[in-house]
Amino acid sequence: MADLAEEEMDNPTFRSDTVLSDVHLHCPSKRHLMVRLNAVGQPVFLSYFKLLWSTEDLASGKHVREITTGREQQSRSGDELCDKDRSNLKEEGELNSEGVEALLDDDGDLEVVRRPRSASDLQEEDLLRDIVCPVILMKGKEDAFEDEEEECTCSDVVKIEHTMATPLEDVGKQVWRAAFLLADYILFQRDTFRGCSVLELGGGTGITSIIMGTVAKRVYCTDVGEDLLAMCEQNVALNKRLMEPGGGEIKVKELDWMKDEFCTDPEAPYSWSEEEIADLLDHCSVIMAADVFYDDDLTDALFRTLYKITHNLRNSCTVYLALEKRLNFTLRHMDITCEAYSHFRNTLNDLESLQDGKMKYTVEHIKPDFCQFLVYERIEQL
């Protein structure tokens, strides 16, 4: 027994670190309701993400209002959110003349409420950050979202179930900024995608596919893992009303980049039928992926999958890739680097230079200076 213990100490096994997305901290929700535990025991939260115009106007192609970019839009949004949160807190008695007062819940536990700062308290360069104060509510409070339902109409809010922190292998269950950036571009170029057949790789929670579903004819939202795909399917159901004006359809399917073929086992959940595969290959003209470039092996597998699928498409196709550059200090380089992005760029260059007699790929960089239609923090690294 002692020899076994010594052997284990000499060969330690480390689990991957917990990865946290902070997107939910910058959405206009005051609350994030824990609705359930998923199949692996992770808390699942429900968050609201606000659209800056309604889906009825998206479907008709009309502008509800003039959407501005830059500091003017962000600062105005931040002011409105702060004022609303502050007034709500005062109405609920959570603030007194001396500041934030301590509250006790039904069990006598202390609840600490963080008072939102007004935009006037911030330096001008900090106005890009929306100030919100999430409060986690436990499952069981049936009226937890009554206030939000009154404030948000069905046509201007995307409801997403997600986790807040996961191991690296489960990051698809979180919401990431690049998904919002790609969603913004879809709404900005909605006429380009109207009526298209679309494939999303690594769809995760499904938020980008849901936005695409407001303008496209059919979207195949794909990822791997039954628990993740079940969450994605739930999000599609939660937002079905957003697709109804334009008649869009979203199908949640499994697509494992590590495998050579589509999953067609009728006994497997989220498998493909032969008719669906034929429909994809005959009609798909857009492929998209957001924030899937964080692991070199997965990046290689994604580009292999891209090549195989585009090689078999009947028509030409445009691929839209969105990502966030994540800078890290590494001991190997003794410097701040972005190795995942570097590997992505190298692999993308290899694909562009590929010549096999049939396929030709051209790469174009799209500057992220288009209008913002979802409330989130658009940082320079996107």
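Residues numbered from 1 in each chain as written. Predicted model: local features only at pLDDT ≥ 70, side-chain atom pairs only at ≥ 80, totals over all residues. Heavy atoms only, no water.

A separate point is the overall build of the protein chain. Tallying secondary structure elements over the protein chain gives twelve helices and 17 strands in all. Residues classed as buried in the protein chain amount to 48% of the 382 residues present. Considering only contacts within the protein chain whose residues lie at least 6 apart along the sequence, 72% involve residues at least 24 apart. Split by element, the accessible area of the protein chain, about 20700 Å² in all, is 48% carbon and sulfur. (Helix = DSSP H or I, 4+ residues; strand = E, 2+ residues; numbered from the N terminus. Buried < 20%, exposed > 50% of the residue type's maximum accessible area, 1.4 Å probe, protein only. Contact = heavy atoms within 4.5 Å. Areas by Shrake-Rupley, 256 points an atom, 1.4 Å probe, with all protein chains shown as cover.)

With respect to the helices and strands, the residue T166 is situated in strand β10 (residues 165-167). A distance of 3.3 Å separates the side chain of T166 from the backbone oxygen of D170, its partner in a polar contact. Engagement of the side chain of T166 in a polar contact is seen with the side chain of Q174, the distance being 2.9 Å. (Polar contact = N/O pair within 3.5 Å; in protein donor to acceptor, adjacent residues only side chain to side chain.)

Once that is clear, we can look at the confidence of the model for the protein chain. On average, residues of the protein chain carry a pLDDT of 76, and 64% of them reach 70 or more. Counting contacts from residues 63-103, a segment whose pLDDT is below 50, to residues more than four positions away or on other chains yields 76 contacts. (pLDDT = per-residue confidence, 0-100.)

Let us look at unusual backbone geometry. One non-glycine residue, Y270, lies in positive phi territory at about 65°. By the secondary structure assignment, Y270 is in the loop between β13 (249-254) and α10 (274-283). When its relative accessible area of 15% is taken as the criterion, Y270 is described as buried. For D291, which is not glycine, the phi torsion reads 55° and is therefore positive. You can see D291 is positioned in the loop between β14 (284-290) and α11 (296-312).

Now for the sheet that holds β14. An order of β13-β12-β11-β14-β15 is seen for the five strands of this open sheet, with the pairing classed as parallel. Only two strands of the sheet have a single neighbouring strand rather than two, namely β13 and β15 (318-322). Strand-to-strand twist of the sheet, defined as the mean angle between neighbouring strand axes without regard to direction, takes the value 20°. Contacts between helix α8 (residues 226-238) and the sheet are confined to β12 (218-223) and β13, with β13 contributing the most and set at about 175° to the helix. (Pairing = 2+ DSSP bridges. Axes fitted to C-alpha atoms, helices over the stretch in contact; angles between N-to-C directions.)

Take the pairing of strand β9 (residues 157-162) next. Most of β9 is tucked away: six of the six residues are buried. Where burial is concerned, the two faces of β9 agree: the one with V157, K159 and E161 and the one with V158, I160 and H162 are both buried.

Counted residue by residue, strand β3 (residues 43-50) has six buried out of eight residues, so it is predominantly covered. Bridge count between β3 and β9: six bridges; the pairing is antiparallel. Bridging across to β9, L46 finds its partner in E161.

In this section: the pattern of salt bridges. Following the criterion strictly, the structure yields 16 salt bridges and no others. One salt bridge connects D184 with R378, and the closest N-O pair in it is separated by 2.8 Å. Of the two residues, D184 is situated in helix α5 (residues 177-188) and R378 in the segment after α12 (339-353); the sequence distance between them amounts to 194 residues. For the residue pair D184 and R378, the accessibility class agrees, reading buried in each case. Three or more residues joined by partner-sharing salt bridges are found here, namely R177, D291, E324, R326 and E377. (Salt bridge = Lys/Arg side-chain N within 4 Å of Asp/Glu carboxyl O.)

On to α10, then. Taken as a whole, α10 has its buried residues at E276, I277, D279 and L280. Down the axis of α10, the buried set is contained in an arc of 160°. They therefore lie on one face. Opposite the packed face of α10, turned more than 90 degrees from it, sit the exposed residues E274 and E275. Packed against the buried residues of α10 are β11 (197-200), β12, β13 and β14. (Arc of directions from axis to C-beta.)

Any aromatic ring pair is given by two values, namely how distant the centres are and how the planes are angled relative to each other. Counted under the stated rule, the structure contains 13 aromatic pairs. Both rings, one in Y185 and one in Y320, keep their centres 5.7 Å apart while their planes meet at 45°; by these two values the pair is tilted. Here the residue Y185 occupies a position in helix α5, and Y320 occupies one in strand β15, the gap between them amounting to 135 residues. Summarising the burial analysis for this pair, Y185 and Y320 share the class buried. Measuring from ring centre to ring centre gives 6.0 Å for Y341 and F344, while their planes differ by 40°; the resulting arrangement is tilted. Placement of the pair is Y341 and F344 together in helix α12, with a separation of three residues, close to one helical turn. Since its relative accessible area comes to 4%, F344 is described here as buried. (Phe/Tyr/Trp six-rings, centres within 6.5 Å; stacked < 30°, edge-to-face > 60°.)

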